[in-house]
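What follows is each chain in one-letter form.
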Amino acid sequence: MVLTRRASRRLEDLGVDPTDIDTPLQAAAVIDEVEEQRTRAASVSKSDQCTYCHGTTLIIVWLALSALAHVHGMIPYLKSAELADSEFSAWWKEGYAIYGSYDFRYVSANQLISCVQGLTAMVDTPLCLLAIYAIVNKKWWQHPVQLVLCACQIYGTLLFFLEAHFNGWSGVTADPFGFWVFIVALNGLWIALPAHMMHASFNELRKVLDPEYEA
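These lines cover the structure that appears in this document, whether it is placed above or below. (Residues numbered from 1 in each chain as written. Predicted model: local features only at pLDDT ≥ 70, side-chain atom pairs only at ≥ 80, totals over all residues. Heavy atoms only, no water.)

**Considerations on the nonpolar core**
At step 1: Core analysis: the largest hydrophobic core is formed by 13 residues, its most contacted members being W62, L63, C128, A131, L149 and M197.
At step 2: Elements with a minimum of two residues in this core: α2 (24-71), α5 (111-136), α6 (142-166) and α7 (176-209).
At step 3: Residue contributions to this core peak at 5 residues, all from α5.
At step 4: Dropping the residues within four chain positions of it, M197 is found in contact with I59, W62, L63, Q146 and C150.
At step 5: Counting 11 residues, the second largest nonpolar core, distinct from the first, contains Y96, Y99, V172 and F179. (Core = buried A, V, L, I, M, F, W, Y, C linked by side-chain atoms within 4.5 Å. Buried < 20%, exposed > 50% of the residue type's maximum accessible area, 1.4 Å probe, protein only. Helix = DSSP H or I, 4+ residues; strand = E, 2+ residues; numbered from the N terminus. Contact = heavy atoms within 4.5 Å.)

**Some points on the side chain of S114**
At step 1: Here S114 lies in helix α5.
At step 2: By relative accessible area, S114 is classed as buried at 9%.
At step 3: At a separation of 2.8 Å, a polar atom in the side chain of S114 contacts the main-chain carbonyl oxygen of N110. (Polar contact = N/O pair within 3.5 Å; in protein donor to acceptor, adjacent residues only side chain to side chain.)

**Here we look at the environment of I21**
At step 1: Its place among the elements puts I21 in the loop between α1 (5-13) and α2.
At step 2: Among the residues examined, I21 registers a relative accessible area of 10% and is labelled buried.
At step 3: When the C-alpha positions of I21 and S8 are compared, they lie 9.2 Å apart, and in sequence the two are 13 residues distant.

**Regarding the pattern of salt bridges**
At step 1: On inspection of all chains with the given rule, the structure shows 4 salt bridges.
At step 2: Its salt-bridge partner being R105, residue E163 comes within 2.7 Å of it at the nearest N-O pair. You can see E163 sitting in helix α6 and its partner R105 sitting in the loop between α4 (90-100) and α5, a full 58 residues away along the chain. The pair formed by E163 and R105 is uniform in burial state, with each residue classed as buried.
At step 3: One salt bridge in this structure joins R206 and D210, with 3.3 Å as the shortest N-O distance. (Salt bridge = Lys/Arg side-chain N within 4 Å of Asp/Glu carboxyl O.)

**With respect to the packing of aromatic side chains**
At step 1: Here the structure, examined in full by the defined rule, presents 9 aromatic pairs.
At step 2: When the ring of F177 is compared with that of F182, the centres are 6.5 Å apart and the planes differ by 75°; the resulting orientation is edge-to-face.
At step 3: An angle of 85° between the planes, with centres 5.2 Å apart, marks the rings of F179 and W180 as edge-to-face.
At step 4: Note on F179: relative accessible area 16%, which makes it buried.
At step 5: With a relative accessible area of 54%, W180 lands in the exposed category.
At step 6: Among the aromatic residues, those joined into a cluster by ring pairs are Y99, Y106, F160 and F161.
At step 7: Seen from the ring of F160, R105 lies directly overhead, with NZ or CZ sitting 4.3 Å from the centre. (Phe/Tyr/Trp six-rings, centres within 6.5 Å; stacked < 30°, edge-to-face > 60°. Lys NZ or Arg CZ within 6 Å of the ring centre and 35° of its normal.)

**Regarding the side chain of Q153**
At step 1: Relative to the helices and strands, Q153 is located in helix α6.
At step 2: Accessibility expressed as a relative area gives 2% for Q153, which makes it buried.
At step 3: Of the polar contacts made by the side chain of Q153, one reaches the side chain of H70; its length is 3.2 Å.
At step 4: Beyond its immediate sequence surroundings of up to four residues, Q153 is in contact with W62, S66, H70, D124, C128, W190 and P194.

**Quick notes on the state of the cysteines**
At step 1: This structure, assessed with the given rule, holds 0 disulfides.
At step 2: Cysteine C128 is unpaired, with the sulfur of C150 as its nearest cysteine sulfur at 8.6 Å.
At step 3: Left without a disulfide partner, C152 is nearest to the cysteine sulfur of C150, which lies 9.3 Å away. (Disulfide = S-S within 2.5 Å.)

**Quick notes on unusual backbone geometry**
At step 1: Look at K138: it is not a glycine, yet its phi comes out positive at around 55°.
At step 2: The phi dihedral of W169 falls on the positive side, at around 60°, and the residue is not glycine.
At step 3: Relative to the helices and strands, W169 is located in the loop between α6 and α7.
At step 4: Residue W169 is classed as partly exposed on the basis of its relative accessible area, which comes to 29%.

The structure is reproduced here in structure tokens:
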């Protein structure tokens with residue numbers, strides 16, 4: 001049975017050779033199948049894009065919060081009297097004081113913590129802002145910056161935990177809730193999330209540098 005011109009043109013538009021189709025019913029079935037496959041593929045692609053957008057937004061939020069947290073690193077250089085008389089907003093000082101009530105090293109001029117936090121504020125904060133700029137503007141150097149930033153964050157956090165460990169955890173609260181929530185869980189974020197971001201950046205760079213790599 002001869003196919004109609006309309007059916008033949010539709011098959012050609014879908015990339016199907018009309019000469020391979022014997023009947024109008026077969027043509028209709030093929031058209032429906034191809035259109036369903038394209039619809040399903042478009043839906044999956046849109047879902048992937050939404051997932052990517054949500055993931056990118058979360059990374060930007062995390063980097064912004066990290067930059068804000070790293071700025072706190074300059075506060076240990078201030079003496080208590082200077083901190084009390086400074087122009088920091090009430091919520092800023094209150095938040096720092098609350099954390100300092102669980103981690104005493106931040107209010108007792110611990111030398112290692114002061115050095116690490118000072119370097120973190122001067123190095124990690126600009127890197128966070130650079131990474132945000134690179135992500136938003138889709139710069140090619142996003143992942144190299146992200147790798148360096150995450151390595152710095154993980155290194156600084158490991159020093160944070162190791163200093164407490166080698167001093168018998170005497171510089172942090174003994175309260176179980178405060179210890180596990182503010183000391184372990186809160187600071188552990190600066191190991192878990194940077195590690196995840198490093199893995200993602202490594203894979204992105206490997207796609208470009210390793211021709212045998214398959215994602």
